[in-house]
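Breakdown of the fold
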Amino acid sequence: MSTRYEEPSGVVRAANAVIRWLAEMGVSIAGTHALRVRGRKSGKTRAVVINLLTVDGVDYLVSPRGNTQWARNVRAAGIVETGPRWRRRRARVSEVADTAKPELLRRYLERWYWQVKDYVAGLTPDSTDEEFRAVAPTIPVFALSGADEAR
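The structure reproduced in this document is the subject of the present report.

About the criteria used
- Residues numbered from 1 in each chain as written.
- Predicted model: local features only at pLDDT ≥ 70, side-chain atom pairs only at ≥ 80, totals over all residues.
- Heavy atoms only, no water.
- Helix = DSSP H or I, 4+ residues; strand = E, 2+ residues; numbered from the N terminus.
- Buried < 20%, exposed > 50% of the residue type's maximum accessible area, 1.4 Å probe, protein only.
- Contact = heavy atoms within 4.5 Å.
- Phe/Tyr/Trp six-rings, centres within 6.5 Å; stacked < 30°, edge-to-face > 60°.
- Lys NZ or Arg CZ within 6 Å of the ring centre and 35° of its normal.
- Expected span 1.5 Å × (residues − 1).
- Bend = angle between axes of the 7 residues up to and from the residue.
- Salt bridge = Lys/Arg side-chain N within 4 Å of Asp/Glu carboxyl O.

This part is about the environment of Asn73. Its place among the elements puts Asn73 in helix H2 (residues 69-77). Taking the relative accessible area as the measure of exposure, Asn73 reaches 7% and is therefore buried. Those residues in contact with Asn73 that lie beyond four places of it in its chain are Val37, Arg38, Gly39, Arg40 and Arg46.

Here we take up the packing of aromatic side chains. For any two aromatic rings, the description comes down to two numbers: the centre-to-centre distance and the angle of the planes. Here the structure, examined in full by the defined rule, presents one aromatic pair. Ring geometry for Tyr108 and Trp112: centres 5.0 Å apart, planes at 50 degrees, overall tilted. Placement of the pair is Tyr108 and Trp112 together in helix H3 (residues 101-116), with a separation of four residues, close to one helical turn. Given the relative accessible area of 3%, Tyr108 is considered buried. Residue classification places Trp112 among the buried residues on the basis of a relative accessible area of 0%. One Lys or Arg, Arg65, reaches over the ring of Tyr119 and ends 3.6 Å from the middle of that ring.

Quick look at H3 now. Relative to the 22 Å expected for 16 residues at 1.5 Å per residue, H3 spans just 17 Å between its end C-alpha atoms, considerably shorter than the ideal helical length. By the largest-angle criterion, Glu110 marks the main kink of H3, which is about 65 degrees. When we look at burial in H3, the residues that qualify are Lys101, Pro102, Leu104, Leu105, Arg106, Tyr108, Leu109, Trp112 and Val116.

Below, the discussion takes up the pattern of salt bridges. All chains considered together, the criterion is met by nine salt bridges. One salt bridge connects Arg106 with Glu103, and the closest N-O pair in it is separated by 4.0 Å. Of this pair, Arg106 and Glu103 both sit in helix H3, three residues apart, which is roughly one turn of the helix. Among the salt bridges present, the one from Arg107 reaches Glu103, with a minimum N-O distance of 3.4 Å. Linking Arg107 with Glu103, this pair stays in helix H3, spanning four residues, or about one helical turn. According to the relative accessible area criterion, Arg107 is partly exposed, its value standing at 33%. Residue classification places Glu103 among the partly exposed residues on the basis of a relative accessible area of 42%. Connected through salt bridges with shared partners, the residues Arg36, Glu81, Arg88 and Arg90 form a single ionic network.

Right, dumping it as structure tokens:
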């Protein structure tokens, strides 16, 4: 597991807070979703905005900034909630093996490269398979399963 973490600036944090609020209200900007996960230390629910990647009917969480706080919380909790406040969906998560990440990362970058290009460890949608394999251990990817309406 990598410890790479590209910390967002204060401006990015403020923008993400606005985008997260919109996502929680049901307004998605370029595929954004609200993500809620229980904090691994505090036990409090933490909320962030993420881009939810869907491939062949499976939803994936990708942490392009690396081993972020939310990725560590997801790893520890094993369960997340996504979606707006009135239609939250709960799902189990499992971490994707590094060998399966290259194709998922390529698809993620094909959709959101314009948004994440400054912090994906130098990858582009046109990176080689070798480049994706080399960086895969530094980018957590989680598969969602068993989604149901949260109560």
